[in-house]
Amino acid sequence: MSARLTRRTEVPAGIGDDVRPARAGIVHLGVGAFHRAHQAVYTQEAMRASGDLRWGIVAATQRSATVAEQLRPQGGRYGVLTVDPDETRLDLVGVVLEVLTPAEDTEGIVRAIADPDVHVVTVTVTEKGYPQRPDGTLDLAADGIAADLAALAAEESGGPLGETPAGSMIGMLVRGLAERRRTHGAPVTVVSCDNLDGNGRVLERLVRNAVEAAFEASGPSGAADATGAAVALHAWLDTRTAFPSTMVDRIVPATTDAWREIAEPLLGARDEGLVVAEPTRYWVIEDRFAGPRPRWELAGARFVDDVEPFERAKLRMLNAAHSLIAYRGALAGYGTIAEAVADPEIAALARGYLLDEAAPTLAGFDGLDLSAYADEVLARFANPALGHTIEKVGADGSLKLPLRLLPVAADRLAAGRPPVVVAEAVAAWAAFLVARVDAGEPIADGRAAELAVIVASSQVGGSTDAPALAAGLLDLLGGAAAEHPAFRALVTERLADRLGALV
Ligand SMILES: NC(=O)c1ccc[n+]([C@@H]2O[C@H](COP(=O)([O-])OP(=O)(O)OC[C@H]3O[C@@H](n4cnc5c(N)ncnc54)[C@H](O)[C@@H]3O)[C@@H](O)[C@H]2O)c1
Ligand SMILES: O=P(O)(O)OC[C@@H](O)[C@@H](O)[C@H](O)[C@H](O)CO
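Residues numbered from 1 in each chain as written. Chains lettered and ligands numbered in written order. Predicted model: local features only at pLDDT ≥ 70, side-chain atom pairs only at ≥ 80, totals over all residues. Heavy atoms only, no water.

Trainee: Before we go on, may I ask you to explain the sheet that holds strand 6 (residues 120-123) in this structure?
Mentor: Sheet strands pair via backbone hydrogen bonds, and the direction of the pair is either parallel or antiparallel. Strand order in the open sheet made by the six strands is 5-2-1-6-7-8, with parallel pairing throughout. Strands with a single pairing partner mark the edges of an open sheet, and in this sheet they are strand 5 (96-100) and strand 8 (241-242). Relative to strand 8, strand 7 (residues 188-192) runs parallel, the two being bridged by two bridges. Its bridge partner lying in strand 8, Val188 is registered against Thr241. Running at roughly 170° to strand 7, helix 6 (residues 169-183) makes contact with strand 1 (24-29), strand 2 (56-60), strand 6 and strand 7 of the sheet. (Pairing = 2+ DSSP bridges. Helix = DSSP H or I, 4+ residues; strand = E, 2+ residues; numbered from the N terminus. Contact = heavy atoms within 4.5 Å. Axes fitted to C-alpha atoms, helices over the stretch in contact; angles between N-to-C directions.)

Trainee: In this structure, what is going on with the pairing of strand 4 (residues 88-93)? I would like to understand it.
Mentor: On a regular strand, each side chain points to the face opposite its neighbour's, so the side chains alternate between the two faces of the sheet. Two elements, strand 3 (residues 78-83) and strand 4, share six bridges in a ladder whose sense is antiparallel. Bridging from a neighbouring strand, Tyr78 pairs with Val93 of strand 4. Two successive antiparallel strands, strand 3 and strand 4, enclose a turn made up of four residues.

Trainee: Help me understand the site of ligand 2 in this model?
Mentor: Taken together, Glu127, Asn195, Asp249, Arg250, Ile251, Lys314, Leu318, Asn319, His322, His388, Lys400 and Arg404 form the complete shell of residues around ligand 2. The separation between an oxygen atom of ligand 2 and a polar side-chain atom of Asn319 is 2.9 Å. One of the side-chain N or O atoms of Lys400 is found 2.8 Å from an oxygen atom in ligand 2. Looking at which element gives the most residues to the shell around ligand 2, the answer is helix 10 (residues 308-331), with four residues. Looking at the shell around ligand 2 residue by residue, the classes come out as two nonpolar, four polar and six charged. When residues of the shell around ligand 2 are sorted by domain, at least three fall in each of domain 1 (24-304) and domain 2 (308-502). (Near = heavy atom within 4 Å. Polar contact = N/O pair within 3.5 Å; in protein donor to acceptor, adjacent residues only side chain to side chain. Nonpolar A, V, L, I, M, F, W, Y, C, P; charged D, E, K, R; others polar. Domains from an automatic or database assignment.)

Trainee: Can you walk me through the site of ligand 1 in this structure?
Mentor: Of all residues adjacent to ligand 1, which total 23 residues, the nearest are Ala33, Phe34, Asp194, Asn195 and Val252. At 2.9 Å from an oxygen atom of ligand 1 is found a main-chain nitrogen or oxygen belonging to Phe34. At a separation of 3.1 Å, an oxygen atom of ligand 1 approaches a polar backbone atom of Arg250. In isolation ligand 1 offers 820 Å² of accessible surface; the protein chains occlude 83% of this area. A per-class count over the shell around ligand 1 returns eight nonpolar, eight polar and seven charged. (Areas by Shrake-Rupley, 256 points an atom, 1.4 Å probe, with all protein chains shown as cover.)

Honestly, that's just the spatial picture; any functional story needs more than this.
If you want it as structure tokens, here you go:
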């Protein structure tokens, strides 16, 4: 094995060189594969094109220390392998300056968010990182939230900073924002880059709910102080922060050792922080910043007044079709999205969904040619070089379906048209869950325990009661479509067929 990539490694000619920032200007929460192949790449290209080197990234990873272990020995430097069926290209990225974990250094993360040189906080923490109750407010019972809110209240009244390790993204963020207000109050923009409809609005709402809950009724130093702290923080959030929404798009599978072995001879060094991505990428950002930002437009980002139609189109077209293909593909025994979409029956189902069910719900949006986008999406999914696994795309269905597929069903039902393929997708998800349980495999989902109970209680005499399973899962998903009798009947019918097909 070659020596590890470091800041000093001289790389062969032909590898895209990296940029070394002059200082940190961005904090990123959730440094998974996607951030490294998307926002970090845009940031590096913006710095290169503008010559403004203030935008180095201090990154935090919460759920595991793996990325810290991968990047720290490399001084934050890593490669992005862009893979196409015909061409592979390797570029180095040098903009990540530091990787922190809350378990080791919550104080460092809080101080980084409060650093006056930092003007932007970006976030990619998956759908699970935005815990919400059915009414969209912060789920105070979710992992880590209560301890973070107690820590926020203690820090606000002069307690030691970062003594309690941050247990949630919302907690980490709000504790950093509160420290920023206390120390100097300079403006900051928080940019969610997760696949959520109105991601900026959702994030701001959860931050404000966290402030309300932390200082509710009696705070550590009495009700009046607590109310004062909440009022001061809200007022600062009103005037000195912005939470623009974004549409982010680039297919970035989890990196495997096979990819690291392909990159090693190209680089002449071992890169544990390598990420792999398709060539296509988009970033549409609501043009609403509280302070300075990198000139991401020089790297191809698009700034618009209203990003939500773009985000909605991407979720209902690309992400929804991805989920449909994942569950149908899993039932047919495929391992990757490319294998599944090469199956003519699955490809036809996905095309029908895109053109006949999703696109009509986006009518009136002229920011994208939806028919061309449908073709592009299917071609991107077919890229066999990516090896994007069904396991990754199919994870967290209980959180993804309500964002991607059910809104399409709701709009179609409201228009008096049956959402047949959405029902097929929900039925495929249900059958996929049964197959996982039957195989004794864990369900990869933020609500796995509830799903396991629903699947178990629908088992009668060695077979699945399709109406009971459909009803249990739709009750869990909730929302207008899931409650609609015609949709419930459609899902039940499709599921009965599916389970029949499984036997
Ligand atoms: N990978 C892609 O193709 C892609 C494309 C567009 C958007 N995205 C968005 O980026 C997200 C992350 O994708 P990725 O490929 O980087 O995944 P990843 O698994 O590589 O990284 C996930 C990151 O989220 C953090 N995380 C997970 N659950 C969390 C929780 N409950 N609280 C706080 N942090 C949590 C992890 O610690 C990690 O840093 C996606 O869920 C999606 O919203 C991904
Ligand atoms: O990243 P997730 O888990 O929200 O969803 C899985 C995929 O649908 C998603 O990552 C797409 O590849 C991506 O959104 C393309 O831009």
